[in-house]
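Report on the structure
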Amino acid sequence: MNMSVGWVFFYLLVFPGFLFTSVVGLLYTWVDRKVTARVQFRVGPPLLQPFFDFFKLLGKDTFVPEGAPRSIFLGAPLIGLASVSVLSTVLLVSNLFPRQAFAGDLIVVLYLFAFVPIVLILGASSSSNPISALGASREMSLYLAYELPLLFALATIVVKSGGLLKIGDLLQWQWTNHPFLYSASGALAFVSAFLCMQAKLGFVPFDIAEAEQEIMGGITLEYSGPVLAILKLTKAMLYFTVSIFLTIFFWGGFRSPRHGWYHILGWLKPLAIIVLIILIKNTNPRLRIDQALRFFWSIVLVLSIAGFILASVGL
Amino acid sequence: MLKGLKKAALARSLWIYHVAASPCNNCDIEILDLLTPRFDVERFGLLLTGSPRHADLLLVTGMVNKKVLDRVLRVYAQTPKPCVVAAFGSCAISGDLFVDSYNFAGPLDKHIPVDVYIGGCPPKPEAMILGVMRAIEKLKKLKDL
């Protein structure tokens, strides 16, 4: 792994890091809104709508509520943005150039994924708004609910591949054998990781922490202007990153060396995952926080542990 | 150029916050009609938000009375500028049949700057879309924001 510092910054800031991920992420939110509109027999917003929203928010005022610590309130979204940029860079680079992956990047990815809810909780609970604090507490419970099944799902594929901890090696394993999704244990792990990611993104039925109609946006309630734009951008980038994450770990990645024409078609895999997420989002009502906890700790956890046991006996 | 971008983006993405200043609920029901699939205002980038901090367009419904006036002013102050205010329905525009009421605090434009007037009791969804289009045109013509 010999990279010059310039290349590292290029990867981080332009491709496949910050710039690329944010543009694709904002387009993903358009896909989200358009599919939602079509489900409801509407026309839906134009293609550039997320970009209009973003630039509009950049041009507005920002308020810091009275009694909120300025540095934490304004700094938390920036940390979130930075961590999602690094996360998407690590994931995409490890698929595009599997040889440049570093040892233990799977664990780094897990840590970076944990950053987003933590940052949201920090920002919301520092805003000195009781409703935001309620959103923060719900986000915290939800995080506790989905983190364990997610870890089990990842442990499943690590066991299945015989203890590989590098994303590049995991991909190599899938290319020489088969994608994890096509085995019994891998399929169970995929289903539980998929549901965890739905909760991680804060989408219906797990949008309990944001609940527009109930606690008025919860964790983002006090944010306005450019800071809100950063939060929305982080969410959009996370959207893209989650689809890439599921594709890489369960579906053999969006790019594999065996198929030439597959290079372009492979990008449809994350898109297919996203459409599935949107359809679930549109056909389910919001759960209460206790229902969500029960769902993750009973059904999803049992699913992922079953997958783990199947993987340990080699299925 | 940056200003132009800012203005163009604002005109294409007005997020609505619905300020209920003692309405009879009729206007409010009609606003919900506006957001149904039949009229689909998301085509124009309009979204309903739950917090005035996220809003660009305040739809003020109802006859502003002395008790609610303080709240309306506070919500207006909490909305990040630049924002657009619409007086929604006859009550917010003029007071309608409550003009002689003992607690009527005057029409809305006496207290905060109003950009568009959407008349009717309640306004029809078509009238609301027209009003929003007028707000967008007005935003586009503004020299500076």
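Residues numbered from 1 in each chain as written. Chains lettered and ligands numbered in written order. Predicted model: local features only at pLDDT ≥ 70, side-chain atom pairs only at ≥ 80, totals over all residues.

Let's talk about the overall build of chain A
How we decide: Secondary structure counts use DSSP, requiring at least four H or I residues in a row for a helix and at least two E residues in a row for a strand, with both numbered from the N terminus. For the radius of gyration, the atoms used are the C-alpha atoms, and the globule rule reads 2.2 Å times the number of residues raised to 0.38. Residues with at least 20 other C-beta atoms within 10 Å of their own are called buried, those with 12 or fewer are called exposed, and the rest are partly exposed. The C-beta atoms themselves are positioned from the backbone. Residues are defined as contacting one another if the C-beta atoms placed from their backbone atoms lie within 7 Å.
Broken down by element type, chain A carries 13 helices and zero strands. Reading the secondary structure of chain A in the N-to-C direction produces α-α-α-α-α-α-α-α-α-α-α-α-α. Relative to the compact-globule value of 20 Å for 315 residues, chain A shows a C-alpha radius of gyration of 19 Å, a close match. Seen through its principal axes, chain A has C-alpha atoms that stretch 55 × 45 × 40 Å. Put simply, chain A has 315 residues, and 50% of those count as buried. When contacts within chain A are restricted to residue pairs at least 6 apart in sequence, long-range pairs at least 24 apart make up 78% of them.

Things to note about the overall build of chain B
In terms of regular secondary structure, chain B is built from five helices and five strands. Listing each helix as α and each strand as β along chain B from the N terminus yields α-β-α-β-β-α-β-α-β-α. At 15 Å, chain B has a C-alpha radius of gyration in line with the 15 Å of a compact globule built from 145 residues. Along the first, second and third principal axes, the C-alpha atoms of chain B reach 50 × 35 × 25 Å. Within chain B, the fraction of its 145 residues that count as buried is 44%. Sequence separation of 24 or more characterises 82% of the internal contacts of chain B that already satisfy a separation of 6 or more.

Observations regarding helix α1 (residues 2-12) of chain B
Buried within α1 of chain B we find K7, A9, L10, A11 and R12 of chain B. Tucked inside the fold, the buried residues of α1 of chain B contact α3 (49-58) of chain A together with α5 (125-141) of chain B.

Looking at the packing of α3 of chain A against α1 of chain B
Threshold: All axes here are fitted lines through C-alpha atoms, helices being fitted over the stretch that makes contact, and every angle between N-to-C directions spans 0 to 180 degrees. To sort the angles, those under 35 degrees are grouped as roughly parallel, those over 145 as roughly antiparallel, those from 65 to 115 as roughly perpendicular, and the leftovers as oblique. For a crossing to be left-handed, the near helix must be turned anticlockwise from the far one by less than a right angle; the clockwise case is right-handed. Any residue outside Ala, Val, Leu, Ile, Met, Phe, Trp, Tyr, Cys, Pro, Asp, Glu, Lys and Arg is labelled polar, Gly included; the first ten of those are nonpolar and the last four are charged.
The contact between α3 of chain A and α1 of chain B brings their axes to 8 Å, and the two run at 120°. The orientation of α3 of chain A relative to α1 of chain B falls into the category oblique. As α3 of chain A packs across α1 of chain B, the resulting crossing turns out to be left-handed. Residues F52, F55 and K56 of chain A of α3 of chain A form the contact with α1 of chain B, whose own contacting residues are L5, K6, A9, L10 and R12 of chain B. Across the contact of α3 of chain A with α1 of chain B, the residue classes tally to five nonpolar, no polar and three charged.

Some remarks on the interface of chain A and chain B
Contacts between the two partners involve 26 residues from chain A and, on the opposite side, 18 residues from chain B. Mapped by element, the contributors of at least two residues to the side of chain A that touches chain B are α3 and α10 (225-250) of chain A. The leading source of residues in the side of chain A that touches chain B is α3 of chain A, at five residues. For the side of chain A that touches chain B, the per-class residue count stands at eleven nonpolar, eight polar and seven charged.

Focus on the confidence of the model for chain B
Residue and element names in this part refer to chain B. Going by this rule: Confidence of the predictor at the level of single residues is captured by pLDDT, which takes values from 0 to 100.
Here chain B averages 86 in pLDDT, and 97% of its residues register 70 or above. Confidence scores differ between elements of chain B, with α1 showing the lowest mean pLDDT of 78 and helix α3 (residues 66-78) the highest of 91. Scored as a complex, the prediction yields pTM 0.89 and ipTM 0.87.

Quick word on the environment of A136 of chain A
Residues and elements named next belong to chain A. Relative to the assigned elements, A136 resides in helix α6 (residues 130-160). With 171 residues separating them along the chain, A136 and G307 place their C-alpha atoms 31 Å apart. Discounting chain neighbours no more than four positions away, the residues touching A136 are I121, A124, S125 and I219.

Let's talk about the environment of H111 of chain B
Residues and elements named next belong to chain B. Looking at where H111 falls in the secondary structure, it is placed in the loop between α4 (89-94) and β5 (116-118). Along the backbone, H111 and V64 are 47 residues apart, and their C-alpha atoms lie at a distance of 9.6 Å. Other than its neighbours up to four places away in sequence, H111 contacts V64, L69, V72, L73 and G106.

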